[in-house]
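# Coordinate analysis (summary)
Now for the letters of each chain:
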Amino acid sequence: MRRPTSITPPPDADARSGGLEEAADEPADELSPADRLLQEGDQSTPDSRRFLALLKDLANFRSLRDPLASLCDDMRLTPTQVHALGWLGMDGPTQVGVLAQRIGITKKTITGVVDRLEDMGMVERGRDAEDRRAVTAKLTDKGCELYKIINLMTDAGVRRLMGLLEPADRESLFGIIERMLARLKSTSPVR
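If you're wondering where the values come from, they're calculated on a predicted model, not measured in any experiment. (Residues numbered from 1 in each chain as written. Predicted model: local features only at pLDDT ≥ 70, side-chain atom pairs only at ≥ 80, totals over all residues. Heavy atoms only, no water.)

Along the protein chain, the regular secondary structure elements total 10 helices and three strands. Start at the N end of the protein chain and walk to the C end: the helices and strands fall as α-α-α-α-α-α-β-α-α-β-β-α-α. A burial count over the protein chain gives 24% of its 191 residues as buried. Counting only contacts in the protein chain whose residues sit at least 6 apart along the sequence, the fraction spanning at least 24 positions is 43%. Looking at the protein chain as shown, the accessible area adds up to about 13,900 Å², and 56% of this sits on carbon and sulfur atoms. (Helix = DSSP H or I, 4+ residues; strand = E, 2+ residues; numbered from the N terminus. Buried < 20%, exposed > 50% of the residue type's maximum accessible area, 1.4 Å probe, protein only. Contact = heavy atoms within 4.5 Å. Areas by Shrake-Rupley, 256 points an atom, 1.4 Å probe, with all protein chains shown as cover.)

In structure tokens, the structure reads:
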């Protein structure tokens, strides 16, 4: 089946062979997650739209969205490389495929990211002790030093954000997030 290339199909999609109408004929278990969402249509709620609008408004503040921008510029790192260093610093040696999932990029893309970080002396590859076929990445001493800076800069950004809230509001925010995490953990395993 031909997969749609955009979220909104062109107006003539129904007239073409292989258009979205084929998705409705397939059994639900054969649909990709994207096709399933397209088939179900917009099911947003006032709460989901409000929450996304609030996140978007927060993201417009560069100081909150990108506290590591100056580090990226100074160290000539991409945001993806900084994310990789951050995850490796938090998780320790990690299979490259798992690292790609954590960052939200493809396995093909993570290979290039790890290559560049390895060339910079920040990361080294190895083999997973339990699965010798799997490639892992881990921080070098130089990478660990940079991770400390990333962690300090991230903490400074979070402190600025928390400083905008009264203590009672911070406690409410923490409680809401903790309850959401508890519910998520009870329904699906952490990956």
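This part takes up the sheet that holds strand S1 (residues 94–95). Read across the open sheet, the three strands follow the order S1-S3-S2; overall the sheet is antiparallel. Strands at the two margins of the open sheet, each flanked by one partner only, are S1 and strand S2 (123–127). In this sheet, strand S3 (residues 135–139) lies alongside S1 in antiparallel orientation, the contact comprising two bridges. Among the inter-strand pairings, Gln95 is bridged to a residue of S3, identified as Thr136. (Pairing = 2+ DSSP bridges.)

Under the defined criterion, the tally for this structure stands at seven salt bridges. One salt bridge connects Lys148 with Glu145, and the closest N-O pair in it is separated by 3.3 Å. Highlighted residues: Lys148 and Glu145, both in helix H9 (residues 141–162), separated by three residues, approximately one helical turn. Lys148 gets classed as partly exposed once you look at its relative accessible area, which sits at 48%. By relative accessible area, which is 46% here, Glu145 ends up partly exposed. Salt bridges here are not isolated pairs; linked through shared partners, they connect Asp115, Glu118 and Arg125. (Salt bridge = Lys/Arg side-chain N within 4 Å of Asp/Glu carboxyl O.)

Before going further, it helps to spend a moment on the pairing of S3. In terms of strand pairing, S2 meets S3 through five bridges, oriented antiparallel. Bridging from a neighbouring strand, Val123 pairs with Leu139 of S3.

Time to look at the packing of helix H6 (residues 79–91) against helix H7 (residues 96–103). One way to put it is that H6 packs onto H7 with a least axis distance of 10 Å and a crossing angle of 115°. Here H6 runs over H7; the crossing is right-handed. Counted together, Thr80, His83, Ala84, Trp87, Leu88 and Asp91 of H6 and Leu99, Arg102 and Ile103 of H7 form the full contact between these two elements. Partitioned by chemical class, the residues of the contact of H6 with H7 number five nonpolar, two polar and two charged. (Axes fitted to C-alpha atoms, helices over the stretch in contact; angles between N-to-C directions. Left-handed = near helix turned anticlockwise from the far one by under 90°. Nonpolar A, V, L, I, M, F, W, Y, C, P; charged D, E, K, R; others polar.)

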